[in-house]
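Spelled out from the first residue to the last, the chains are:
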There are 2 protein chains.
Amino acid sequence: MSTISDQSSNDPEGRSRIQSRNRETILTAGREVFARHGLRGARLDEIAAHAGMSKPNLLYYFPRKQDIYAAVLEEVLMGWLMPLDALDPDGDPVEELRRYISAKMALSAEQPEASRLFAGEILAGAPHIERFLKTDLRQLVEKKAGTIRRWVDEGRLAPIDPYHLIFTIWATTQHYADFDVQIHAVLGKQAGRAGFHDQAAQAVLSIILKGVAPR
Amino acid sequence: MSTISDQSSNDPEGRSRIQSRNRETILTAGREVFARHGLRGARLDEIAAHAGMSKPNLLYYFPRKQDIYAAVLEEVLMGWLMPLDALDPDGDPVEELRRYISAKMALSAEQPEASRLFAGEILAGAPHIERFLKTDLRQLVEKKAGTIRRWVDEGRLAPIDPYHLIFTIWATTQHYADFDVQIHAVLGKQAGRAGFHDQAAQAVLSIILKGVAPR
DNA sequence: TCCGATTTTGACCAAACAGTCAAGTTTCCG
DNA sequence: CGGAAACTTGACTGTTTGGTCAAAATCGGA
């Protein structure tokens, strides 16, 4: 007999309503706390408090702290590859890059915790996503770098190293999520206003696409 | 009677040779460990091991963990302002930006731990450098943004928001220190080779100054 | 409504951890 | 040398923290 509910109200993964809801609550709480303090620095009590439940209850769903971290991390990695993968070799190079940069900027605005969690994992030496980085990500980047190189060879893009272009895009777009606190401190309320992220996206697009030197 | 040594071999701050050496050793060890795990995630035993001394000995020099963190952080902040402050309003805009970007890239290559420590503090919500960010840094950035805006108004730079330009430069240059592990995973040995950082600096300079759209 | 399965939690435990202390060892200088 | 100050550390303490457990509360289908 399975320990998993046999109720008719199961989700696609065979979880009861309560399980689905609580797992989601915990994952959200974990994302926030892990994003701030990393795996080591995060405390179960803190995550439990964020999730609004007792610590033993939390451990009923995820037996160990590391399990929450792994689950949260996996969710985040999912959304990481997609935008880059959408870079279309047959599209207009400048337009494709504009789309990619815009998509990453939107992600930074909508899911800053995801970006921060990822950043923290990298800062810690990426012990939990080493395989992902060296296989999936590396392979995808290699493929897209080939696309960009082709664009350069065809003269449809300025001569630039594809890898460093990708790194530059990652750096600038994620900066707005990861260094959010710094940006707010430097800009004041201005950074919180509606439309700020669109303005940031415009500036980043302008710099990367056209550069800052006068024409 | 002071507890501080009266020996003739004192450094400018009144510390004995042994004190100077050990404090430096601890600060270096602390920088490495705090850069990886943040204030919360770092363990005194780990720092002590890195420094090659016993934990009580370490605490003889810095009574609390937080004291090491504060000392390390202050050192790092020192080197943070300087390069930006060197941006000369009377110099050639493109040349000044080139100098600034190069200086930041060099810092990323030479002191990646410093950059990572700073990044971790920001990710954690910057509780220990809030004042620094909102006063010193903000003031300096305001001043330099004025310089850049003037350059733009004079037509010596493409029309771009000065703040976002500064953020873009911070993002790209620090990315090479903070995300070092990711870059290595994606590029393989290539990223470790001599000259890699010069190549990266060239690419970043080219993108920010000239952009990637074809001319 | 009833009953077994699921969910929740207060009380607890063991390990990890920051920090103390007193007793040793080394260093420095007269 | 000799002795006082500076330095070092093994053994320890109190607290925090991840995780356990058994009992209570709730849920959901028949």
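Residues numbered from 1 in each chain as written. Chains lettered and ligands numbered in written order. Predicted model: local features only at pLDDT ≥ 70, side-chain atom pairs only at ≥ 80, totals over all residues. Heavy atoms only, no water.

Notes on the overall build of chain A
A count of helices and strands for chain A gives 10 helices and zero strands. For chain A, the N- to C-terminal ordering of α and β elements is α-α-α-α-α-α-α-α-α-α. The principal-axis extents of the C-alpha atoms in chain A amount to approximately 70 × 45 × 35 Å. The buried share among the 215 residues of chain A stands at 51%. (Helix = DSSP H or I, 4+ residues; strand = E, 2+ residues; numbered from the N terminus. Buried < 20%, exposed > 50% of the residue type's maximum accessible area, 1.4 Å probe, protein only.)

A closer look at the relation of the copies chain B and chain A
Mapping chain B onto chain A leaves a residual RMSD of 0.1 Å; the transformation is a rotation of 180° accompanied by 0.0 Å of translation along its axis. The superposition operator between the copies reduces to a two-fold rotation axis. In this assembly the copies share their binding face: 100% of the residues contributing to the interface of chain B also contribute to that of chain A. (Least-squares fit on C-alpha atoms with pLDDT ≥ 70 in both. Contact = heavy atoms within 4.5 Å.)

Focus on the packing of helix H1 (residues 17-41) of chain B against helix H6 (residues 112-123) of chain B
All names here are of chain B. At their nearest, the axes of H1 and H6 sit 8 Å apart, and the two run at 45° to each other. Classed by the angle they form, the pair H1 and H6 counts as oblique. Remark: the crossing between H1 and H6 carries left-handed chirality. Touching Arg31, Glu32, Phe34 and Ala35 of H1 are Glu113, Ala114, Arg116 and Leu117, all from H6. (Axes fitted to C-alpha atoms, helices over the stretch in contact; angles between N-to-C directions. Parallel < 35°, antiparallel > 145°, perpendicular 65-115°, else oblique. Left-handed = near helix turned anticlockwise from the far one by under 90°.)

Looking at H1(B)
With 25 residues, H1(B) extends only 31 Å from end C-alpha to end C-alpha; this falls clearly short of the ideal 36 Å at 1.5 Å per step. The largest bend in H1(B) amounts to roughly 85° and is located at B:Ala35. (Expected span 1.5 Å × (residues − 1). Bend = angle between axes of the 7 residues up to and from the residue.)

Some thoughts on the packing of aromatic side chains
As enumerated under the stated definition, the model contains 12 aromatic pairs over all chains in all. With 4.7 Å between their ring centres and 35° between their planes, A:Trp80 and A:Phe118 make a pair best called tilted. Of this pair, A:Trp80 sits in helix H4 (residues 65-85) while A:Phe118 is found in helix H6 (residues 112-123), placing the two residues 38 residues apart along the sequence. The same class applies to A:Trp80 and to A:Phe118, which are both buried. A network of ring pairs unites the aromatic residues A:Trp80, A:Phe118, A:Phe167, A:Trp170 and B:Tyr176 as a single cluster. For A:Lys104, the ring lying beneath its charged end belongs to A:Trp80, and the centroid distance is 3.8 Å. (Phe/Tyr/Trp six-rings, centres within 6.5 Å; stacked < 30°, edge-to-face > 60°. Lys NZ or Arg CZ within 6 Å of the ring centre and 35° of its normal.)

A word on the interface of chain B and chain A
Taken together, the contacts link 65 residues of chain B with 65 residues of chain A. Across the chain B to chain A interface the summed buried area is about 5800 Å²; carbon plus sulfur atoms make up 67%. Contact with chain A buries surface across chain B, with B:Arg40, B:Leu123 and B:Val212 losing the most and accounting together for 14% of the total. Inspection of the region where chain B meets chain A yields two salt bridges. (Buried area = accessible area lost by both parts, 1.4 Å probe. Salt bridge = Lys/Arg side-chain N within 4 Å of Asp/Glu carboxyl O.)

Examining empty space enclosed by the protein
Under the counting rule described, the total for this entry stands at four cavities of 30 Å³ or more. As a volume, the largest cavity reaches approximately 80 Å³. Lining the largest cavity are A:Trp170, A:Ala171, A:Gln174, A:His175, A:Asp178, A:Phe179, B:Trp170, B:Ala171, B:Gln174, B:His175, B:Asp178 and B:Phe179. Secondary-structure elements contributing two or more residues to the lining of the largest cavity are helix H8 (162-178) of chain A together with helix H8 (162-178) of chain B. Tallied by class, residues from the lining of the largest cavity come to six nonpolar, four polar and two charged. (1 Å grid on protein atoms, 1.4 Å probe; cavity = no way out; pocket = protein on both sides within 12 Å on 5 of 7 lines; lining within 4 Å. Points joined across faces, edges and corners; volume = space filled by probe spheres on them. Nonpolar A, V, L, I, M, F, W, Y, C, P; charged D, E, K, R; others polar.)

Description of the domain arrangement of chain A
All names here are of chain A. Under the domain assignment used here, chain A contains domain 1 (17-63) and domain 2 (73-210). Here domain 1 and domain 2 have C-alpha centroids that lie 28 Å from each other. Taken together, the seven residues of domain 1 in the interface contact six residues of domain 2. Ionic pairing is found between Arg31 and Glu75, a salt bridge with its closest N-O pair at 3.2 Å. Our count for the domain 1 to domain 2 interface comes out at one residue pair in polar contact (both at pLDDT 80 or more). (Domains from an automatic or database assignment. Polar contact = N/O pair within 3.5 Å; in protein donor to acceptor, adjacent residues only side chain to side chain.)

Section: unusual backbone geometry
All names here are of chain A. In this model, Ala126 sits at a positive phi of 55°, which is unusual for a non-glycine residue. With respect to the secondary-structure elements, Ala126 resides in the loop between H6 and helix H7 (130-153). Classification of Ala126 as buried rests on a relative accessible area of 1%.

Some remarks on the side chain of A:His164
Within the secondary structure, A:His164 sits in helix H8. Not counting the four nearest positions on each side in its chain, A:His164 is found in contact with B:Tyr176, B:Phe196, B:Gln199, B:Ala200, B:Ala203 and B:Ile207.

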